[in-house]
Amino acid sequence: MRAMIFAAGRGERMRPLTDATPKPLLEAGGKPLIVWTVERLAAAGWTDIVINHAWLGGQIEAALGDGARWGVRIRYSAEGEALETAGGVAKALPLLGEGVFLAVSGDIYADYDYTALRRRALSMPHLDAPRMHLVLAPNPDFHPEGDFALLPDGRLALEGEKYTFANIGLYDSRSFAGVAAGAKAKLAPLMREAIAAGRASGELFAGNWHNIGTPAQLAELDRQLRAAS
């Protein structure tokens, strides 16, 4: 089963740290953010990984290589100019293939167990229409309004008590059929469309999750990880 890590963003709010280093390679707890994710994916059996990149992408390839040291296979989708999330998926589809894949942002830290998503992913390709399954987190201070509501039956809704999208999700390749390869396209409209059509489920993750958007947030995660080691 395949996973994709989004690593093409410029990381403007992280400057000057990202002037010479791609954001996913910034370190916390003595390890690049993206390596924490690769390790957790590998531990959960997601061993075929596609990583897209644009800004300083050569550094990402040099740092991670083919993934053999973690027991995974890593392939790269080089974009040149970042294509946004949905655009990045559309360009990477020849590597991802048909069916359901997991996608994770390369600039988050989460002690999430990806094993359960493997079981869920196995059932999704057999459905008549493409589905999504999104992992949500309690709203952080910097995003108090949240993104999506979670209904008691596990479906997502656009209205109600909202939680924050944790940048972890399962997607069906059929959902990206309308996105031209090489075109810039955001993922949020596809999410809202699936939710409105009743084709998106979700879960709430209350564990350790950090969406790194500023140098101060990176420093705080680094402090926490070093204190726990």
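Residues numbered from 1 in each chain as written. Predicted model: local features only at pLDDT ≥ 70, side-chain atom pairs only at ≥ 80, totals over all residues. Heavy atoms only, no water.

### Observations regarding the pairing of strand 1 (residues 2-7)
- In terms of burial, strand 1 is a largely internal element, five of the six residues being buried.
- As judged from the six bridges shared by strand 1 and strand 4 (residues 48-53), these two strands associate in the parallel manner. Following the sheet pairing, Ala7 is matched in strand 4 by His53.
- Sheet topology places strand 1 next to strand 6 (residues 100-105); four bridges connect them, and they run parallel. Bridge assignment links Ile5 to a residue of strand 6, and that residue is Val104. (Buried < 20%, exposed > 50% of the residue type's maximum accessible area, 1.4 Å probe, protein only. Helix = DSSP H or I, 4+ residues; strand = E, 2+ residues; numbered from the N terminus. Pairing = 2+ DSSP bridges.)

### What to know about the pairing of strand 11 (residues 162-172)
- Among the 11 residues in strand 11, 10 count as buried, and that is most of the element.
- The pairing of strand 6 with strand 11 spans five bridges and is classified as antiparallel. Bridge assignment links Leu102 to a residue of strand 11, and that residue is Leu170.
- In the sheet, strand 8 (residues 132-137) pairs with strand 11 via six bridges, with the strands oriented antiparallel. Looking across to strand 11, one finds that Val135 is bridged to Ile168.
- Summarising the sheet, strand 9 (residues 148-150) and strand 11 pair through two bridges and their orientation is antiparallel. Bridged to Ala149 within strand 11 is Lys162.

### Some words on the nonpolar core
- Grouped together as the largest cluster of nonpolar side chains are 36 residues, with contacts concentrated most on Trp46, Ile51, Leu64, Leu102, Tyr114, Leu117 and Ile168.
- With five residues, helix 1 (residues 33-43) is the largest single contributor of residues to this core.
- For Leu102, the contacting residues outside a window of four places in its chain are Arg2, Ala3, Met4, Leu41, Trp46, Tyr114, Leu117, Ile168, Gly169 and Leu170.
- The next biggest cluster of nonpolar side chains, apart from the first, holds 27 residues, and it includes Met4, Leu96, Leu134 and Phe165. (Core = buried A, V, L, I, M, F, W, Y, C linked by side-chain atoms within 4.5 Å. Contact = heavy atoms within 4.5 Å.)

### Some points on the pattern of salt bridges
- According to the stated counting rule, one finds 14 salt bridges in the structure shown.
- Notably, a salt bridge pairs Asp19 with Arg10, separated by 3.3 Å at the nearest N-O pair.
- A relative accessible area of 32% means that Asp19 is categorised as partly exposed.
- A salt bridge links Asp222 to Arg226, with the shortest nitrogen-to-oxygen separation between them at 2.9 Å. Here Asp222 and its partner Arg226 are both found in helix 6 (residues 215-228), four residues apart, which amounts to about one turn of the helix.
- Sharing partners across several salt bridges, the network here consists of Arg2, Asp48, Arg73 and Arg75. (Salt bridge = Lys/Arg side-chain N within 4 Å of Asp/Glu carboxyl O.)

### A look at the environment of Ala116
- Relative to the assigned elements, Ala116 resides in helix 4 (residues 115-123).
- Remark: the alpha-carbon pair of Ala116 and Ala44, spanning 72 residues in sequence, is separated by 8.5 Å.

### Some details on the layout of surface pockets
- One number sums up the size of the largest pocket: a volume of about 1200 Å³.
- As for the largest pocket, its lining consists of 45 residues, and the residues nearest its centre are Glu84, Thr85, Ser105, Asp107 and Asn167.
- Among the secondary structure elements, those contributing two or more residues to the lining of the largest pocket are strand 1, helix 3 (84-96), strand 6, strand 11, helix 5 (188-196) and strand 13 (209-211).
- Here the lining of the largest pocket gets six residues from one element, more than from any other, and that element is strand 11.
- Looking at side-chain class alone, the lining of the largest pocket contains 20 nonpolar, 13 polar and 12 charged residues. (1 Å grid on protein atoms, 1.4 Å probe; cavity = no way out; pocket = protein on both sides within 12 Å on 5 of 7 lines; lining within 4 Å. Points joined across faces, edges and corners; volume = space filled by probe spheres on them. Nonpolar A, V, L, I, M, F, W, Y, C, P; charged D, E, K, R; others polar.)

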